[in-house]
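# Working through the structure, step by step
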Amino acid sequence: MGVAQVPVAEGKSLQQTVEILTRKLELLGAEKQGTFCVDCETYHTAASTISSQGQTGKLMYVMHNSEYPLSCFALFENGPCLIADANFDILMVKLKGFFQNAKANKIESRGTRYQYCDFLVKVGTVTMGPSARGISVEVEYCPCVIANDCWNLLMEFMQSFMGNHTPGIPSVFGTKHDSIYSPADTMVQYMELFNKIRKQQQVPVAGIR
Amino acid sequence: MLPCPENSECVYLLRVITNFAGPSPGIGLMLEDCTSLISVSAHLTLKKNAILFSFSELERLSNLVGKPSENHPLHNSGLLSLDPVQDKTPLYSQLLQAYKWSNKLQYHAGLASGLLNQQSLKRSANQMGVSAKRRPKAQPTTLVLPPQYVDDVINRIDRMFPEMSIQLSRPNGTSAMLLVTLGKVLKVIVVMRSLFIDRTIVKGYNENVYTEDGKVGYCISSNIKFYFYLVTDHATTALLHYQLPQMPDVVVRSFMTWLRSYIKLFQAPCQRCGKFLQDGLPPTWRDFRTLEAFHDTCRQ
Ligand SMILES: [Zn+2]
């Protein structure tokens, strides 16, 4: 429901910061439940289509989430989110003429999945190519389908292990009002987080190793 | 006067006395007779004294015994205390204990009935007074109500709460099964027996409540472990709380009113500690009267 980036603690490595977070969760009583992975590939609109239709080049992101192993998500920035079957990837290969894969931009978050009562917490290390770039924390409250309804409750929970790095309300919530939260909303948040981390790479920040 | 059985002289005396009354006999005979008469009268005096003594003794003793006191708190059973064979049969002490406990019981029963009568919508509420007057013949067979009546009552309740939708079906014969959807918060499967709520199961809004053939099913397991399990628990408690056998429709309405208080399920912090979470669980309990939210551990 909420995806946030946690900055690396001062004087600690990225790996150490992840360990601090997970230890706090375990002390709280959260149980380890395997691993998770969210990946994202970037596609450029091929040059030929831009010229013929007079559009500016748009980026498309094709994402996978281990929580939904049979699905594939295709998103535009600020645009619609398409939820397709997992073999959507093969279709993308066939569409090579229109969408070109920017292989170097592939980014993913891998980590441990925790369950605490009805909360689902995923603490992941965001890597791009060979290097680790940041830490992502996803928190979901399973019984509730309206994200805005349980945001205060989520905040209280996140404060218990994230302290003052607890994020503000995600922008996706603002447009949701009281419609039902969907997996696509999670993917949009991951996409925004990945984009933020990519930009950090362009302007290197001291302290991230 | 009866003849003395011990002494023949007494028989003689009688004869003498009758002779006195009759024609005068010889004087010689009289003298002779007088001596024996004197001895007879002495004998009689002795006997009379003995009898008198016995009487006064009896009177004295009976005074000692006294009247069995009527103002004894235990009345006649109090006399058991006079039983000299205490050690063998401790009846009296046992009796006193029994009285003591019966008094205590009565006192506590009085207090309890006072407390229970404060809440009129209770299973144990006293129905003798008001409702008996208002409904002299309160449907004696509420267990067998026509299905149409049940439908009407449910429809009326459905219209009462706009944020709550009640869908009635009869998947297994005559007993109604309600699927109550509360906002976008939760779903409750209510199994009815006539107009009595038999069982409730609380499910998440996004959980499946239908069996494969499209009927409402109540045995589909919930994968959200804690939260709805607890609410199901509380709903069962609520069922036991809202009991009024003569007015089953009131019970269903009260239960639904209580259930509706869960509409702010994830938005209401605990009214006692002010927090949302305690041990990872939100306030699952709703007070039966005020409908305020509390953690299971924070309720009184
Ligand atoms: Zn509380």
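Up top you'll find the structure we're talking about.
Quick summary incoming for the structure in this document. (Residues numbered from 1 in each chain as written. Chains lettered and ligands numbered in written order. Predicted model: local features only at pLDDT ≥ 70, side-chain atom pairs only at ≥ 80, totals over all residues. Heavy atoms only, no water.)

### Some details on the packing of aromatic side chains
- What the rule picks out here adds up to 11 aromatic pairs over all chains.
- Ring plane angle 40 degrees and centroid distance 4.6 Å describe the contact between F119(A) and Y141(A), whose orientation is recorded as tilted. Linking F119(A) in strand β7 (residues 119-128) with Y141(A) in strand β8 (residues 131-141), this pair joins segments that are 22 residues apart in sequence. Just as F119(A) is buried, Y141(A) falls in that class too.
- An aromatic cluster is built from Y116(A), F119(A), Y141(A), F157(A), F161(A) and F266(B), whose rings are joined through pairwise contacts. (Phe/Tyr/Trp six-rings, centres within 6.5 Å; stacked < 30°, edge-to-face > 60°. Helix = DSSP H or I, 4+ residues; strand = E, 2+ residues; numbered from the N terminus. Buried < 20%, exposed > 50% of the residue type's maximum accessible area, 1.4 Å probe, protein only.)

### Some words on the sheet that holds strand β4 (residues 71-76) of chain A
All names here are of chain A.
- Spatially, 8 strands are ordered β1-β8-β7-β6-β2-β3-β4-β5 in an open sheet, and the strand pairing comes out antiparallel. In this open sheet, the two edge strands, each paired with only one partner strand, are β1 (2-6) and β5 (81-85). Neighbouring strand axes in the sheet, compared pairwise and without regard to direction, differ in orientation by 25 degrees on average.
- Note that strand β6 (residues 99-116) and β7 share 10 bridges and pair antiparallel. Bridging from a neighbouring strand, Q115 pairs with L120 of β7.
- Its contacts with the sheet place helix α4 (residues 151-162) against β1, β6, β7 and β8, and it is angled at close to 135 degrees to β8. (Pairing = 2+ DSSP bridges. Axes fitted to C-alpha atoms, helices over the stretch in contact; angles between N-to-C directions. Contact = heavy atoms within 4.5 Å.)

### Let's talk about the interface of chain A and chain B
- Opposite the 19 residues of chain A that make contact, chain B presents 18 residues.
- Our count for the chain A to chain B interface comes out at 0 salt bridges.
- Inspection of the region where chain A meets chain B yields 4 residue pairs in polar contact (both at pLDDT 80 or more).
- The dominant element in the side of chain A that touches chain B, judged by the number of residues it contributes, is α4(A), at 4 residues.
- When grouped by side-chain class, the residues that make up the side of chain A that touches chain B number 13 nonpolar, 2 polar and 4 charged. (Salt bridge = Lys/Arg side-chain N within 4 Å of Asp/Glu carboxyl O. Polar contact = N/O pair within 3.5 Å; in protein donor to acceptor, adjacent residues only side chain to side chain. Nonpolar A, V, L, I, M, F, W, Y, C, P; charged D, E, K, R; others polar.)

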